[in-house]
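Residue strings, one per chain:
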Amino acid sequence: MRRRLNTLAKLTGKQKAAILLISLGQEASSKVYQHLPDEEIEQLTLAISNISKVGSEDKKEVLREFHEMCIAQDYLAMGGINYAQNVLEAALGKERAEEIIMRLTSQLQVKPFDFARRIDPMQIYQFLQNEHPQTIALVLAHLDQKQAATILSSLPPELQSDVARRIALLEQTSPEVIKEVEHILESRLAATVRNDFTVVGGIESIVNILNGVDRSTEKLILEQLSERDNDLVDEIKKRMFVFEDIINLDRRAIQRVIQEVDNQDLLLALKAASPEVKKIILANMSTRMAESFQEDMEFLGPVRVKAVEEAQGRIVSVIRRLEDTGEVVISRGGSDDVLL
């Protein structure tokens, strides 16, 4: 058995996946294929084509390993890595449990505070509300976007902008600091921290969080933050609503934007826009205007990417201005998006 395990250990993950699909049969394998991206389908198909014969013992071992990994992943979702390892040790022994957990965590790249993503955000808020703003920022940067948005919205107004700024400026955090904070929040999962530096936070992180809060909270945070770092606020605003997000506006808002923006900017912006964006914008034009734009786009020669991006940026600025005046509503999932 040990020799068989050593033989399987030499196989790549793709080869094991190929053996698994062969073992499952054509019908089950085809259903698996339906959930895979084209690139992985190609790689798996190539791996399957390179396997001439699979022994019955190899099939059994691959299926057994797959079953163990599925069970371990279920335990991991239920209670974290330590819980999964304790259960597996009781069932399979310490050595085998450690092998499975090591393989699983290396594949999943389990992140710090993984357990917190399954906890109600208000429970986390109760823990964080009296902590230092830097600690709050570190935890929020690791959480699910909706969780972080809920917690940020619940913080006192004078604390919100401070935490938002700290999230935006987060870069590298040492594993020791993460481990200490995570240990306080949930000591039994401190072992999930990897030994390398973890990069979290940054502009994209705070943008994602602010996109999940209600409009009034967002405005308050950005107004207070602009008093301390106006350049940072400008950078955040640029990324909070991108041109492609125009498909999320309602018909009346899109028509208002079309009326307000410069036609040349709109023409350049549509030149490199996705088919979905082109379709929805043209659908909100008059028939004559849509035909004119389509003709102009056909005759418009090559344009620089920078020119397109600048045109799209100017349109986004118009949309943000219209939102500030209440003429356009950008859905954020908050209570102030409800129309009465």
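Here, the structure is the one placed above.
In what follows, the accompanying structure is described. (Residues numbered from 1 in each chain as written. Predicted model: local features only at pLDDT ≥ 70, side-chain atom pairs only at ≥ 80, totals over all residues. Heavy atoms only, no water.)

### Some details on the overall build of the protein chain
A count of helices and strands for the protein chain gives 19 helices and two strands. Per-residue burial for the protein chain yields a buried fraction of 39% across its 340 residues. Restricting to contacts in the protein chain with at least 6 residues of sequence separation, those with at least 24 account for 74%. Surface exposure of the protein chain reaches about 19,700 Å², of which carbon and sulfur atoms provide 50%. (Helix = DSSP H or I, 4+ residues; strand = E, 2+ residues; numbered from the N terminus. Buried < 20%, exposed > 50% of the residue type's maximum accessible area, 1.4 Å probe, protein only. Contact = heavy atoms within 4.5 Å. Areas by Shrake-Rupley, 256 points an atom, 1.4 Å probe, with all protein chains shown as cover.)

### With respect to helix 10 (residues 157-169)
For helix 10, which comprises 13 residues, the first-to-last C-alpha distance of 19 Å matches the rise-based estimate of 18 Å (1.5 Å per residue) to within 8%. Listed as buried for helix 10 are Leu-159, Gln-160, Ser-161, Asp-162, Val-163, Ala-164, Ile-167 and Ala-168. (Expected span 1.5 Å × (residues − 1).)

### Topic: the nonpolar core
Note that soluble globular proteins tend to have their nonpolar side chains buried in a common cluster. In terms of nonpolar packing, the biggest core is built from 36 residues, with Leu-140, Leu-152, Val-163, Ile-167, Ile-206, Leu-210 and Ile-236 touching the most fellow members. Those elements that provide at least two residues to this core are helix 7 (121-128), helix 8 (133-142), helix 9 (145-154), helix 10, helix 11 (175-185), helix 12 (203-210), helix 13 (215-226) and helix 14 (230-240). Top contributing element to this core by residue count: helix 8, with six residues. Leaving out residues up to four positions away in the same chain, Ile-206 has contacts with Leu-152, Ala-164, Ile-167, Ala-168 and Ile-236. Listed in part, the 28 residues of the second largest apolar core include Ile-246, Ile-281, Phe-293 and Met-297. (Core = buried A, V, L, I, M, F, W, Y, C linked by side-chain atoms within 4.5 Å.)

### Some points on the packing of helix 7 against helix 9
Helix 9 packs onto helix 7 with a crossing angle of 50° between their chain directions and a minimal axis gap of 9 Å. Judged on the interaxial angle alone, helix 9 and helix 7 are oblique. Regarding helix 7 and helix 9, the two cross each other, and that crossing is right-handed. Seen from helix 7, the contacting residues are Pro-121, Met-122, Ile-124, Tyr-125 and Leu-128; seen from helix 9, they are Gln-147, Thr-150, Ile-151 and Ser-154. Considering only residue class, the contact of helix 7 with helix 9 consists of six nonpolar, three polar and no charged. (Axes fitted to C-alpha atoms, helices over the stretch in contact; angles between N-to-C directions. Parallel < 35°, antiparallel > 145°, perpendicular 65-115°, else oblique. Left-handed = near helix turned anticlockwise from the far one by under 90°. Nonpolar A, V, L, I, M, F, W, Y, C, P; charged D, E, K, R; others polar.)

### Observations concerning the environment of Leu-143
Position of Leu-143 relative to the elements: it lies in the loop between helix 8 and helix 9. As for Leu-143 and Pro-121, which are separated by 22 residues in sequence, their C-alpha atoms are 9.3 Å apart.

### Overview of the layout of surface pockets
Estimated volume of the second largest pocket: approximately 510 Å³. Contributions of two or more residues to the lining of the second largest pocket are made by helix 13, helix 14 and helix 19 (305-324). Top contributing element to the lining of the second largest pocket by residue count: helix 19, with seven residues. Within the lining of the second largest pocket, the residues separate by chemical class into six nonpolar, five polar and 10 charged. (1 Å grid on protein atoms, 1.4 Å probe; cavity = no way out; pocket = protein on both sides within 12 Å on 5 of 7 lines; lining within 4 Å. Points joined across faces, edges and corners; volume = space filled by probe spheres on them.)

### A look at the pattern of salt bridges
Within this structure, the stated rule accounts for eight salt bridges. Across the pair Asp-162 and Arg-166 runs a salt bridge whose closest N-O atoms are separated by 3.1 Å. Highlighted residues: Asp-162 and Arg-166, both in helix 10, separated by four residues, approximately one helical turn. Accessibility expressed as a relative area gives 24% for Arg-166, which makes it partly exposed. (Salt bridge = Lys/Arg side-chain N within 4 Å of Asp/Glu carboxyl O.)

### Brief notes about a nonpolar patch on the surface
A cluster of nonpolar side chains, namely Leu-24, Val-32 and Leu-63, defines an oily patch on the protein surface of about 200 Å² accessible area. In this fold, Val-32 is placed in helix 3 (residues 26-33). Residue classification places Val-32 among the partly exposed residues on the basis of a relative accessible area of 32%. (Patch = residues over 30% accessible without salt bridge, like charges linked within 9 Å, V, L, I, M, F, W, Y side chains within 5 Å.)

### Digging into the side chain of Gln-160
Relative to the helices and strands, Gln-160 is located in helix 10. The class of Gln-160 is buried, set by a relative accessible area of 3%. A polar contact is formed between the side chain of Gln-160 and the backbone oxygen of Leu-152, at a distance of 3.1 Å. At a separation of 3.0 Å, a polar atom in the side chain of Gln-160 contacts the main-chain carbonyl oxygen of Leu-155. If we skip the residues at most four places from it in the chain, Gln-160 touches Leu-152, Ser-153, Ser-154, Leu-155, Thr-217, Leu-220 and Ile-221. (Polar contact = N/O pair within 3.5 Å; in protein donor to acceptor, adjacent residues only side chain to side chain.)

### Describing a negative patch on the surface
Taken together, the side chains of Glu-291, Glu-295, Asp-296 and Glu-298 define an acidic patch exposed on the protein surface. Tracing the backbone shows Asp-296 in helix 18 (residues 287-299). For Asp-296, a relative accessible area of 38% puts it in the partly exposed group. (Lys, Arg positive; Asp, Glu negative; His and termini not counted. Charge placed at Lys NZ, Arg CZ, Asp CG, Glu CD.)

### Structural notes on the side chain of Asp-265
When you line up the elements, Asp-265 lands in helix 16 (residues 263-271). In contact with Asp-265, not counting residues within four places along its chain, are Ala-311, Arg-314 and Ile-315.

### Description of helix 8
Judged by how many residues are buried, helix 8 sits mostly within the fold: nine of 10 residues are covered. Inspection of helix 8 places Pro-133, Thr-135, Ile-136, Ala-137, Leu-138, Val-139, Leu-140, Ala-141 and His-142 among the buried residues, and these make up the whole buried set.

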